[in-house]
Structures are given as C-alpha cells and as structure tokens.
Amino acid sequence: MFLKFDLQEDRRKYGGSCFIEIQFCKLPSGKKIESIIKGYDHWQNDSLYIYDTDHSAFYLIYKDIIGYGLHPNMSEGYFDTWGVTYYDFNMIEAIEERLKEYKPEEYEILFKWLEEAKQYNGFYILGV
C-alpha cells in the first residue's frame, strides 16, 4: 500500500500522478497556520505514496487511526483524499499509539515514517 520513490521519474513510470502523498511539513513552527497549511510542495522523494488502487482501502483502514487534521478552510476532519489535510507534530504520538493498538496492514511502514516526521513540523496528506 505504501510506496517510496527515490526518483520522481520512477513515480511517473509507476503511475503518473494518481497518488495520495503523505509529506513532511518542513516549515518551521511559529509560522501562521494559514501559511503552514499551504506550505507543501508536491512530489517529494521522502514522502510516502498510496497508488490509485489502494485509495479506498487506505481511507477505510487508516482514517480513524490518523484521525482529524486541519483542512485549508480551517475546519477539522478526516483526511481529504481529494484535498489537503495538515497534522501538527504534536499529533504524531497519538497516531503512533493507535497504529500499535490496531496494527493494520503495513502499519510498520507508516510508523517508521512518522518517527522521522517528529523532526519536522508535522505532516500533510495530499489528495489526488
């Protein structure tokens, strides 16, 4: 379900742009939330990707584990598979706890990635 690409050319060959991307928020803390929510840059090599055929399964399996994030209109809700959802770094440990509790398919990959996300200002889920 979770894919990583060392080169974006590999991602394009695999499936073009039909991915959900889980991306580190590399902006410094202290910035206005409005700036943070727009601070992503698609197609990073250190992101996790979910291909088109796994979008529904990812949402069903992981929405309650990942929980509510912040959308660009400043509303909170589950991640938007067609938009942007931001998760503050303070939310990562609770997500990890739910991952360890429920142990869904491939959770170890996401858990390891979230450990790395702790050094950043959270993460984004960028929909298709």
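This text follows the structure it describes.
Residues numbered from 1 in each chain as written. Predicted model: local features only at pLDDT ≥ 70, side-chain atom pairs only at ≥ 80, totals over all residues. Heavy atoms only, no water.

(A) Structural view of the environment of Q119. Here Q119 lies in the loop between helix 5 (107-117) and strand 7 (123-126). A residue is classified by how much of its surface remains accessible, and Q119, at 57% relative accessible area, is exposed. (Helix = DSSP H or I, 4+ residues; strand = E, 2+ residues; numbered from the N terminus. Buried < 20%, exposed > 50% of the residue type's maximum accessible area, 1.4 Å probe, protein only.)

(B) Structural detail: the packing of helix 3 (residues 55-66) against helix 4 (residues 92-102). As a packed pair, helix 3 and helix 4 sit with axes 8 Å apart at the nearest point and diverge in direction by 130 degrees. The angle between the axes of helix 3 and helix 4 places the two elements in the oblique class. Taking contact as the criterion, the partners of Y62, D64, I65 and I66 in helix 3 are, on helix 4, I95, R98, L99 and Y102. Broken down by class, the residue content of the contact of helix 3 with helix 4 amounts to six nonpolar, no polar and two charged. (Axes fitted to C-alpha atoms, helices over the stretch in contact; angles between N-to-C directions. Parallel < 35°, antiparallel > 145°, perpendicular 65-115°, else oblique. Contact = heavy atoms within 4.5 Å. Nonpolar A, V, L, I, M, F, W, Y, C, P; charged D, E, K, R; others polar.)

(C) Representation of the packing of helix 4 against helix 5. Viewed as axis vectors pointing N to C, helix 4 and helix 5 meet at an angle of 160 degrees, and their least axial separation amounts to 10 Å. It follows from the interaxial angle that helix 4 and helix 5 lie roughly antiparallel. Crossing of helix 4 over helix 5 shows left-handed handedness. For the pair formed by helix 4 and helix 5, the contact residues are I92, I95, E96, L99 and K100 on the first element and Y107, L110, F111, L114, E115 and A117 on the second. Along the lines of polarity and charge, the residues of the contact of helix 4 with helix 5 split into eight nonpolar, no polar and three charged. (Left-handed = near helix turned anticlockwise from the far one by under 90°.)

(D) Representation of helix 5 in the model. Among the residues of helix 5, those classed as buried are Y107, L110, W113, L114 and A117. Along the axis of helix 5, the buried positions cluster into a sector of 130 degrees, meaning they face one direction only. Contact partners of the buried residues in helix 5: strand 1 (2-3), strand 2 (19-24), strand 3 (48-51), helix 3, helix 4 and strand 7. (Arc of directions from axis to C-beta.)

(E) Geometry of unusual backbone geometry. For W43, which is not a glycine, the phi torsion comes out positive at approximately 65 degrees. Considering the arrangement of structural elements, one finds W43 in the loop between helix 2 (33-37) and strand 3. Phi at K103 takes a positive value of approximately 45 degrees, unusual for a residue other than glycine. By the secondary structure assignment, K103 is in the loop between helix 4 and helix 5.

The values are spatial; any link to function lies outside them.
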